[in-house]
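What follows is the residue order along each chain.
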Amino acid sequence: MKKRNLKVNFSLLFPLTIFILFSGIQLKGQERSIAREWNELILEAIRNDFARPTIHARNLFHTSIAMYDSWAIFDDESDPYLIGREKKNFKSLFDFNDLDLLRANKDLDRTISFAIYRIVLHRYKDAPRFNETKNLIDEFMIEKGYDISFTNFDYTYGDPASLGNFIGQEIIKYGLKDGSNEQNRYENIFYEPINPSLDPVNNQTVVGINPNRWQPLFFNNFIDQSGNPSSEAIPLFLSPEWGEVTPFSLTEDDRTIKSRDNQTYQIYLDPGAPPLLASDHSEEYQWGFSIVAKWSAHLDPTDTTMIDISPATIGNIMEYPTNFAEYQSFYKEEGGDWGIGYNQNPKTGQPYQEQIITRGDYCRILAEFWADGPDSETPPGHWFSIINYVMDQSEFERKYNGDEELPILEYDVKAYFMLGGGMHDAAISAWSIKGYYDYIRPISALRYMASLGQSSDPSLPSYHPNGILLHPNFIELINENDPDFSGSEFLGKIKFKSWKGPEFIIDPTTDFAGVGWILAENWWPYQRPSFITPPFAGYVSGHSTFSRTAAEILTYLTADPFFPGGMGTFEAKQNEFLVFEDGPTTDVTLQWATYRDASDQCSLSRIWGGIHPPVDDIPGRELGIILGNKVIENANYYFNGESADEFSNFDNPTIIYPNPVQRGKIINLETNGFFEDVFIINALQQVVYSKKINSFNVEISTNGIMPGMYFVIIKNQKNTKLKDSLSTAV
């Protein structure tokens with residue numbers, strides 16, 4: 001639908017991250033747009049906030065809408081996404097007849113800046129380091145010569161700053177109606193965990209829990225993944241009802257509605273249930289979580305196993321497993337997957353150079369790099385950092401999907417809009433699944449199974465059909481002659497050969513825990529003791545979903561599966577990069593030939609990190625493939641002016657609800673913000689109520705108004721009047 005076909009009635013006019021490669025270092029020869037400059041500031045705002053991937057994915061999408069719509073309303077072909085459009089539960093009122101005056105004064109840098117400034121101020125006002133964010137964006141605005149005290153949003157006079165304020169305010173209003181519960185700080189409405197919390201530090205057992213459901217963790221000192229201390233001893237499940245949020249490309253055909261615990265959940269792209277313990281799929285459950293424990297044995301800096309981590313050996317997975325037997329083959333016992341690597345770099349025509357390092361360094365680096373640890377921009381922001389890195393490369397050209405080269409700003413706003421929509425939909429799909437299936441994390445599953453015993457051999461001690469699978473040299477039963485645990489209190493217990501845990505690290509700048517035999521009841525993920533594992537269910541992996549969605553989008557945007565030059569890289573410096581413990585033991589360069597290779601590596605990192613079993617991983621990757629392609633298709637509808645959205649009817653730029661209204665109740669009046677006075681008159685044209693308007697949203701009390709039919713009249717500063725009917729009842 002093209003804007004030029006719209007008919008309007010004039011008579012009713014009314015952040016520093018530890019991931020240095022992706023932190024925004026600009027390479028010579030690549031100019032930056034205002035969209036790119038603001039995206040860097042948004043990523044810094046995320047780093048200064050709590051680690052909330054769902055919320056940050058939404059914020060990245062909404063700020064990308066502001067950038068894109070600021071550009072699109074002036075474009076003769078593209079449709080804006082929100083401005084002047086009707087979305088679920090929201091109508092954006094914009095008079096496209098004012099475009100001539102706005103076009104005469106067009107200043108997209110100014111418009112985008114004021115729009116993003118308003119959104120960031122609003123969305124991050126409760127962040128723990130909001131003052132740092134505000135100082136950054138204030139300084140940026142002042143350097144550009146923009147007045148940060150300018151708040152007028154009446155764009156009808158053609159002012160580009162006012163247009164920016166209007167766009168920002170519309171997106172803020174939209175965010176209060178998109179199902180996120182932002183107005184209540186995104187609090188959960190009905191979800192409650194069914195399992196008691198686990199205190200992992202004091203070796204509390206997990207006997208008696210439901211081993212198929214998520215278990216909260218208890219902390220004496222919880223510090224979230226962005227490094228922010230929290231007063232919560234038991235962190236709440238983040239966003240279990242995120243399926244209620246309005247998506248970008250997902251439709252009703254993608255949605256399944258299911259009930260659990262007397263509550264209704266909306267699930268997008270439902271992959272079905274994961275394997276459950278004490279079911280026909282117990283073996284899958286037991287094997288999958290056991291793999292997490294076994295891969296933990298790879299996190300040893302003294303391990304002499306040497307591997308080639310270059311694209312000559314790693315990457316280029318041709319297909320994913322589809323059944324249990326293939327899962328067991330895909331995830332190799334020694335670590336890694338079915339990737340076959342590449343014979344040569346397609347950009348240089350030369351073979352990729354080998355990079356031989358210890359497996360212990362490689363696994364530990366991956367676990368920390370993709371974990372998005374302290375001071376990071378969380379997984380959705382990480383992929384914005386990656387696209388920024390790509391656009392900074394000297395070989396990069398802004399050829400949209402390989403077509404003709406676009407102006408810098410046009411390419412950037414389209415790329416951010418598409419990637420933002422992808423990260424938002426990935427969060428909605430993955431967390432709608434997490435919320436409903438409420439699946440257990442490895443720290444609880446492994447400790448639970450080990451508390452029951454072993455399930456491998458009924459003739460051995462401590463047998464239980466729901467116990468853990470034994471595996472020589474990795475998962476064993478403690479006997480009388482055990483060299484590691486002497487004493488009758490240990491007999492019959494399970495031991496793991498795994499990363500030994502944070503209690504072996506006094507100073508993380510010089511110490512490392514290493515790998516050794518530990519009691520299974522003391523097993524830890526490769527994480528800080530003040531964080532341990534993310535505060536939400538495991539199935540499906542958010543990292544896998546975010547990453548594969550982004551990889552599909554970057555592949556499309558660049559019309560090339562390969563990074564510029566045929567390889568993306570990240571430098572991890574010796575004894576500097578690792579945060580959980582000392583390391584790596586030597587300088588290491590992570591390398592990826594393609595965006596999908598980077599995504600696949602991210603997925604594996606979560607198994608080495610002790611955060612996900614394989615069953616969380618592969619469905620997330622498959623979701624990402626579907627989501628990426630849906631987002632690409634939907635974004636192109638807007639870029640080509642073919643979206644199915646309705647333009648808002650500017651003939652009636654108000655919403656009054658409820659109508660009719662019960663006497664004594666509150667009436668909500670929403671306007672486009674350009675009105676100054678509201679009057680309620682009766683059938684005799686007598687004014688029974690009047691009020692000055694100074695915001696988009698007005699609450700009117702009906703106390704003192706008798707039952708009957710009334711008219712609501714609002715008047716703007718140009719003395720234009722609008723009349724609507726209202727009825728009240730006893």
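Details of the structure are given in the entry above.
Residues numbered from 1 in each chain as written. Predicted model: local features only at pLDDT ≥ 70, side-chain atom pairs only at ≥ 80, totals over all residues. Heavy atoms only, no water.

Draft legend 1. Fine view of the pattern of salt bridges. Taken as a whole and judged by the stated rule, the model has 34 salt bridges. A salt bridge links K495 to D484, with the nearest nitrogen and oxygen atoms 3.1 Å apart. Within this pair, whereas K495 is found in strand 8 (residues 494-499), its partner D484 is found in the loop between strand 7 (475-477) and strand 8, the two being separated by eleven residues in sequence. Here K495 falls in the buried class, since its relative accessible area comes to 2%. The partly exposed category is assigned to D484, whose relative accessible area is 39%. One salt bridge in this structure joins R596 and E552, with 2.9 Å as the shortest N-O distance. Remark: E552 occurs in helix 13 (residues 542-558) and R596 occurs in helix 14 (residues 595-608); sequence separation between them is 44 residues. In the salt-bridge network here, residues are joined through shared partners; they are R32, R36, E40 and D392. (Salt bridge = Lys/Arg side-chain N within 4 Å of Asp/Glu carboxyl O. Helix = DSSP H or I, 4+ residues; strand = E, 2+ residues; numbered from the N terminus. Buried < 20%, exposed > 50% of the residue type's maximum accessible area, 1.4 Å probe, protein only.)

Draft legend 2. The packing of helix 1 (residues 34-47) against helix 4 (residues 108-123), seen in detail. Their axes nearest at 10 Å, the elements helix 1 and helix 4 cross at an angle of 10 degrees. Put simply, helix 1 runs roughly parallel to helix 4. Contact residues: helix 1 offers I34, W38, I42 and A45, while helix 4 offers D109, I112, S113, I116, Y117 and V120. Its residues placed into classes, the contact of helix 1 with helix 4 shows eight nonpolar, one polar and one charged. (Axes fitted to C-alpha atoms, helices over the stretch in contact; angles between N-to-C directions. Parallel < 35°, antiparallel > 145°, perpendicular 65-115°, else oblique. Contact = heavy atoms within 4.5 Å. Nonpolar A, V, L, I, M, F, W, Y, C, P; charged D, E, K, R; others polar.)

Draft legend 3. Unusual backbone geometry, seen in detail. With omega at 0 degrees, the peptide bond leading from Y539 into V540 counts as cis. With respect to the element layout, V540 can be found in the loop between strand 9 (515-519) and helix 13. Geometrically, the link from G583 to P584 is a cis peptide bond, its omega value of 0 degrees lying close to zero. With respect to the element layout, P584 can be found in the loop between strand 10 (568-572) and strand 11 (588-592). Of note in the backbone geometry, S239 takes a positive phi value of approximately 60 degrees without being a glycine. Looking at where S239 falls in the secondary structure, it is placed in the loop between helix 6 (160-175) and strand 3 (255-260).

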